[in-house]
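Listed below are the residues making up each chain.
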Amino acid sequence: MLKKVLSIAGSDAGGGAGIQADIKTFEEYGLFGISSITSILTVDPSTQSADIYPIPRDIVEKQLATAFSGGALDAVKLGLLGSLTNIELIEDYIVRNSQHHLVLDPVMAVKTNDTVLQPEIVSSMIKKLIPLSDIITPNLVETKILANMPKIETKQQMMTAAENIFSLGPKIVVIKGGARFPGYEALDLFFDGRSFEFLTGPKINSQTNHGAGCSFAAAITAGIAKGLQPLDAVKLAKKYVTCAIEHGLYLNDFTGYVWHGAFQNAQQRMIGEINYEN
Ligand code: PXL
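Residues numbered from 1 in each chain as written. Predicted model: local features only at pLDDT ≥ 70, side-chain atom pairs only at ≥ 80, totals over all residues. Heavy atoms only, no water.

Draft legend 1. Local environment of the nonpolar core. By size, the foremost hydrophobic cluster in this structure holds 41 residues, and its most contacted members are Val76 and Leu78. If you tally residues by element for this core, the top one is helix α3 (residues 84-96), at five residues. Apart from residues no more than four positions distant in its own chain, Val76 is found in contact with Leu6, Ile8, Phe68, Ile94, Gln99, His101, Leu102, Val103 and Thr221. Counting residues in hydrophobic clusters, the runner-up holds 27 residues, among them Phe26, Ile135, Phe216 and Ala219. (Core = buried A, V, L, I, M, F, W, Y, C linked by side-chain atoms within 4.5 Å. Buried < 20%, exposed > 50% of the residue type's maximum accessible area, 1.4 Å probe, protein only. Helix = DSSP H or I, 4+ residues; strand = E, 2+ residues; numbered from the N terminus. Contact = heavy atoms within 4.5 Å.)

Draft legend 2. Inspection of the sheet that holds strand β7 (residues 172-176) at higher detail. Here nine strands make up an open sheet; going across it, the order is β3-β2-β1-β4-β5-β6-β7-β8-β9 and the pairing mixed. Bordering the open sheet on either side are β3 (50-54) and β9 (196-202), each of which pairs with just one other strand. Bridge count for strand β4 (residues 75-78) against strand β5 (residues 102-104) is three bridges, and the pairing is parallel. Counted as the bridge partner of Lys77 is Val103 from β5. (Pairing = 2+ DSSP bridges.)

Draft legend 3. Region of interest: helix α5 (residues 140-147). Within α5, six of the eight residues are buried, leaving the element largely enclosed by the surrounding structure. Within α5, the full set of buried residues consists of Leu140, Val141, Glu142, Thr143, Leu146 and Ala147. Turning to α5, the residues buried within the fold contact α4 (120-128), β6 (135-136), α6 (155-166) and β7. Once α5 finishes, Asn148 follows within two positions and takes phi at roughly 60°, a positive value.

Draft legend 4. Representation of the pairing of strand β2 (residues 32-43) in the model. Of the strand pairs in this sheet, strand β1 (residues 4-12) and β2 are connected by nine bridges, and their pairing is parallel. Bridge pairing links Leu6 to Ile34 in β2. Each parallel crossover has a hand, and for β1 linked through helix α1 (residues 18-28) to β2 it is right-handed. Sheet topology note: the β2/β3 ladder contains five bridges and is antiparallel. Note on β3: the bridge partner recorded for Val43 is Ala50. Where β2 folds back onto β3 in an antiparallel hairpin, the turn is made up of six residues, including Gln48, whose phi is positive at roughly 65°. (Right-handed = clockwise from strand over helix to strand, strands pointing away.)

Draft legend 5. Spatial organisation of the packing of aromatic side chains. Scanning all chains against the criterion turns up five aromatic pairs. Relative to Tyr240, the ring of Tyr29 lies with its centre 5.7 Å away and its plane at 65°, an arrangement referred to as edge-to-face. Of this pair, Tyr29 sits in the loop between α1 and β2 while Tyr240 is found in helix α8 (residues 230-246), placing the two residues 211 residues apart along the sequence. Summarising the burial analysis for this pair, Tyr29 and Tyr240 share the class buried. When the ring of Phe191 is compared with that of Phe196, the centres are 4.2 Å apart and the planes differ by 10°; the resulting orientation is stacked. The buried category is assigned to Phe191, whose relative accessible area is 4%. Feature note: the residues Tyr29, Tyr240 and Phe263 constitute an aromatic cluster, connected by ring pairs. Across from the ring centre of Phe198, 4.8 Å away, lies the NZ or CZ of Lys155, which sits over that ring. (Phe/Tyr/Trp six-rings, centres within 6.5 Å; stacked < 30°, edge-to-face > 60°. Lys NZ or Arg CZ within 6 Å of the ring centre and 35° of its normal.)

Here's what the structure looks like:
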């Protein structure tokens, strides 16, 4: 049966990250994607600085009521949350619907500028949402903040960070070291409280990586919805996102997006005939 997966996140006006990345990824995995938009993120074409416009509370609430109107979903992914009131609403809907299969991508910064966009929401996320999450997927910037560590440059530091974040209450920690981690490989770490598993992949010589973090977490969520074991979901997500980076595209001279259609050979859909009679 077709499974339903919800993304509660920001809308990326450029189309490659956020809600757009999530819905495209869910579709590629053969799932029905649903969205609750918490905020809209725009990037100024001349300065490349990002602005976040939170969606008013009552509109977020109405979206959540719509999305959860049939009860719990097969999986839910959380991304950019936008405001403190959004966090409270989301916690309420997750708890009231006994929603499991919750993947939290603790978005704090975007690639255009690595400064934390909304510091006030970090402590609320730690208190209210991290303990509810099955999998949390911080990137290196977010990992340093959540683990309270000034730098993460070695595998040992990454493991210590995973333990620190695990102690905040999620069932599984996946650190997206990715291409930012020093060395020749794109290195991620999976930790379920018992054992550590490093996932390695090639560092791709491509700048088309905007949206990679969102798409990786969305693919993990999709894998979980499909019934994969968490580690298998993470391994498949890494293949999916590596392919999406390799086949990315430029929105403009500065922003190179991952392409979500690459893993399932969407090229064939672009050139194929559409049968209007079906
Ligand atoms: O990749 C982080 C991110 C999350 N959410 C939204 C974004 C971005 C990056 O651009 O636009 C909405």
